[in-house]
Amino acid sequence: MIKLVDGEEFSIIAKNNICFVTLNSATTKNAISLRMSSIMQSITIEENGNPSLFEKFINEQNCLLIVVKSDVEGIFSSGGNLSELEKNEPEACKYYSSSIKAFCKLLHSTNAPSVTLLSGPSFGGGVEFALATDYRWGIGKSYDFHFTQTKFGIPTGWGGMLRLTELCPQLSPRKVSSIILGKLKFDNSQLLNLGLVDKEFNTKKACQTALDEWVHHILDCPKYLIEELMNRKNIENLTDLEEYDTHIFNKYFLKDEHKIRIHKFLSSKKKK
Ligand SMILES: CC[C@H](C(=O)O)C(=O)SCCNC(=O)CCNC(=O)[C@H](O)C(C)(C)COP(=O)(O)OP(=O)(O)OC[C@H]1O[C@@H](n2cnc3c(N)ncnc32)[C@H](O)[C@@H]1OP(=O)(O)O
């Protein structure tokens, strides 16, 4: 196990080809503290064209998945740290939201797919943190989203409104605004119906088994294929994407690796 961030309330470790981003602040229901935001800022910054420390960690530790999770029972995250925001001057918090937002954006921009494990409620910015990953998996049925930002007189600040439309195109910007204004709550079944949560597991064990299986299948892919397929995220135009997909298929079709794997598969069937 290799650590990038070795905090009590916030840790980032690599284990068995998975990067675990863990929230663990029981006393604040996993509110994102000023200290956590400054750590996020330090590992997100790209300097002189070099990758951020987080991306460097993902690549160097060969992390094939990023898993965001809470180690506090009964909560994913209560969002912005209200007591710190109350007692600190604006000057002390001037990079707070932008740092968290930049880390949220990075969670769906590296070459490793990312998934948030939800086993409890998320509030305000905590929902935005959960929306930052590519996928969301529910464990049990007690996870839900509470859009509470406007209770405090502000809209979302960590990219959550944009992510809602990105993840759920039928939620138009107009609908998203009405969700935020209405301080709506989405329970587990609504989140599954909207596709904001992709899978639901009965137990943590079943979820971990699915994560291990996912990593196993990615590990089985040639490294070149992982890089080529994850590069698709940089191509916005569908025509360019179609051209790219055709190019990479023709690049590897019936080349050595393809033929070797066909041979292995057919040989294994003959042995049965
Ligand atoms: C752009 C993001 C935006 C921003 O940054 O402005 C936000 O995210 S604003 C924050 C949005 N969050 C919320 O609306 C959730 C606020 N918290 C609650 O509604 C409740 O605390 C809840 C439902 C999470 C838990 O309620 P419960 O009754 O089970 O426990 P307590 O309320 O007694 O809380 C226990 C303990 O945790 C502290 N706590 C909870 N939430 C936060 C928070 N967001 N920031 C800081 N601390 C939080 C709470 O103060 C209690 O501590 P204690 O020392 O015992 O008083």
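All figures in this text were calculated on a predicted structure; none of them were measured in a lab.

Some thoughts on the overall build of the protein
Link 1 in the chain: A count of helical and extended segments in the protein gives twelve helices and ten strands.
Link 2 in the chain: Taken over the C-alpha atoms alone, the protein extends approximately 70 × 40 × 40 Å along its principal axes.
Link 3 in the chain: Put simply, the protein has 272 residues, and 43% of those count as buried.
Link 4 in the chain: Residue pairs in contact within the protein that sit at least 24 positions apart in sequence constitute 70% of those at least 6 positions apart.
Link 5 in the chain: If you sum the accessible surface of the protein, you get close to 15100 Å²; carbon and sulfur atoms cover 55% of it.
Link 6 in the chain: Across the protein, the centroid of the 33 positively charged side chains sits 6 Å from that of the 32 negatively charged ones.

Considerations on the site of the ligand
Link 1 in the chain: Around the ligand sit 20 residues in total, of which Ser78, Gly80, Leu82, Gly125 and Thr148 are the nearest.
Link 2 in the chain: One nitrogen or oxygen atom from the main chain of Gly80 is found 2.7 Å from an oxygen atom belonging to the ligand.
Link 3 in the chain: Across the complex, the protein chains shield 61% of the 1000 Å² of accessible surface that the ligand would expose by itself.
Link 4 in the chain: The biggest single contributor to the shell around the ligand is helix α3 (residues 82-87), with three residues.
Link 5 in the chain: Partitioned by chemical class, the residues of the shell around the ligand number seven nonpolar, eleven polar and two charged.

Some words on the domain arrangement of the protein
Link 1 in the chain: Segmenting the protein into domains produces domain 1 (2-218) and domain 2 (235-270).
Link 2 in the chain: Averaged C-alpha coordinates put domain 1 and domain 2 at centres separated by 34 Å.

Things to note about the pattern of salt bridges
Link 1 in the chain: Applying the stated rule across the entire model yields 13 salt bridges.
Link 2 in the chain: Between Glu91 and Lys94 there is a salt bridge, with the nearest N and O atoms lying 3.0 Å from each other.
Link 3 in the chain: Under the relative-accessibility criterion, Glu91 is labelled exposed at 56%.
Link 4 in the chain: Here the salt bridges do not stand alone but share partners, grouping Asp220, Glu257 and Arg261 into one network.

Points about the packing of helix α10 (residues 223-230) against helix α11 (residues 238-252)
For any two helices packed against each other, the geometry comes down to the angle between their axes and how far apart the axes lie.
Link 1 in the chain: In the contact formed by α10 and α11, the axes pass within 11 Å of each other and the chain directions differ by 170°. It follows from the interaxial angle that α10 and α11 lie roughly antiparallel. On the side of α10, the interface is formed by Tyr224, Glu228 and Leu229, while α11 contributes Tyr244, Ile248, Lys251 and Tyr252.

Side note on the nonpolar core
Link 1 in the chain: In this structure, Phe10, Ile12, Phe54 and Phe103 are the most contacted members of the largest nonpolar core, which totals 48 residues.
Link 2 in the chain: Of all the secondary structure elements, the ones that give two or more residues to this core are β2 (10-15), β3 (18-23), α1 (34-44), α2 (53-60), β4 (65-70), α4 (96-106), α5 (125-131) and α7 (173-181).
Link 3 in the chain: In this structure, Leu64, Leu65, Val67 and Cys207 belong to the second largest nonpolar core, which totals 18 residues.

Some thoughts on helix α6 (residues 160-167)
Link 1 in the chain: Every buried residue belonging to α6 is among Gly160, Arg163 and Leu164, and all of these are buried. Relative to the axis of α6, the buried residues are bounded by an arc of 105° and lie together on one face.

Some remarks on the packing of aromatic side chains
Centre-to-centre distance and the angle between the planes together describe a pair of aromatic rings.
Link 1 in the chain: Inspection of every chain in the model, using the stated rule, returns twelve aromatic pairs.
Link 2 in the chain: Between Trp137 and Trp214, the aromatic rings sit 5.4 Å apart at their centres with planes inclined by 25°, giving stacked as the arrangement. Taken together, the residues span a long stretch of sequence, with Trp137 in strand β7 (residues 135-139) and Trp214 in helix α9 (residues 204-219) at a distance of 77 residues. Neither Trp137 nor Trp214 differs from the other in exposure class; each is buried.
Link 3 in the chain: Aromatic side chains Tyr224 and Tyr252 sit 4.2 Å apart centroid to centroid with 15° between the ring planes, which places their arrangement in the stacked category. Placement of Tyr224 in helix α10 and of Tyr252 in helix α11 is noted, with a sequence separation of 28 residues between them.
Link 4 in the chain: What makes Tyr224 partly exposed here is its relative accessible area of 30%.
Link 5 in the chain: Given a relative accessible area of 19%, Tyr252 falls into the buried group.
Link 6 in the chain: Pairwise contacts between aromatic rings join Phe10, Phe54, Phe76, Phe103 and Phe129 into one cluster.

Structural notes on the state of the cysteines
Link 1 in the chain: This model, assessed by the stated rule, comprises zero disulfides.
Link 2 in the chain: There is no disulfide at Cys63, and the cysteine sulfur nearest it, in Cys19, is 4.9 Å away.
Link 3 in the chain: We classify Cys63 as buried; its relative accessible area is 6%.
Link 4 in the chain: Cys207 carries a free sulfur, and the closest cysteine sulfur to it, the one in Cys19, is 16 Å from it.

Calculation criteria
- Residues numbered from 1 in each chain as written.
- Predicted model: local features only at pLDDT ≥ 70, side-chain atom pairs only at ≥ 80, totals over all residues.
- Heavy atoms only, no water.
- Helix = DSSP H or I, 4+ residues; strand = E, 2+ residues; numbered from the N terminus.
- Buried < 20%, exposed > 50% of the residue type's maximum accessible area, 1.4 Å probe, protein only.
- Contact = heavy atoms within 4.5 Å.
- Areas by Shrake-Rupley, 256 points an atom, 1.4 Å probe, with all protein chains shown as cover.
- Lys, Arg positive; Asp, Glu negative; His and termini not counted.
- Charge placed at Lys NZ, Arg CZ, Asp CG, Glu CD.
- Near = heavy atom within 4 Å.
- Polar contact = N/O pair within 3.5 Å; in protein donor to acceptor, adjacent residues only side chain to side chain.
- Nonpolar A, V, L, I, M, F, W, Y, C, P; charged D, E, K, R; others polar.
- Domains from an automatic or database assignment.
- Salt bridge = Lys/Arg side-chain N within 4 Å of Asp/Glu carboxyl O.
- Axes fitted to C-alpha atoms, helices over the stretch in contact; angles between N-to-C directions.
- Parallel < 35°, antiparallel > 145°, perpendicular 65-115°, else oblique.
- Core = buried A, V, L, I, M, F, W, Y, C linked by side-chain atoms within 4.5 Å.
- Arc of directions from axis to C-beta.
- Phe/Tyr/Trp six-rings, centres within 6.5 Å; stacked < 30°, edge-to-face > 60°.
- Disulfide = S-S within 2.5 Å.

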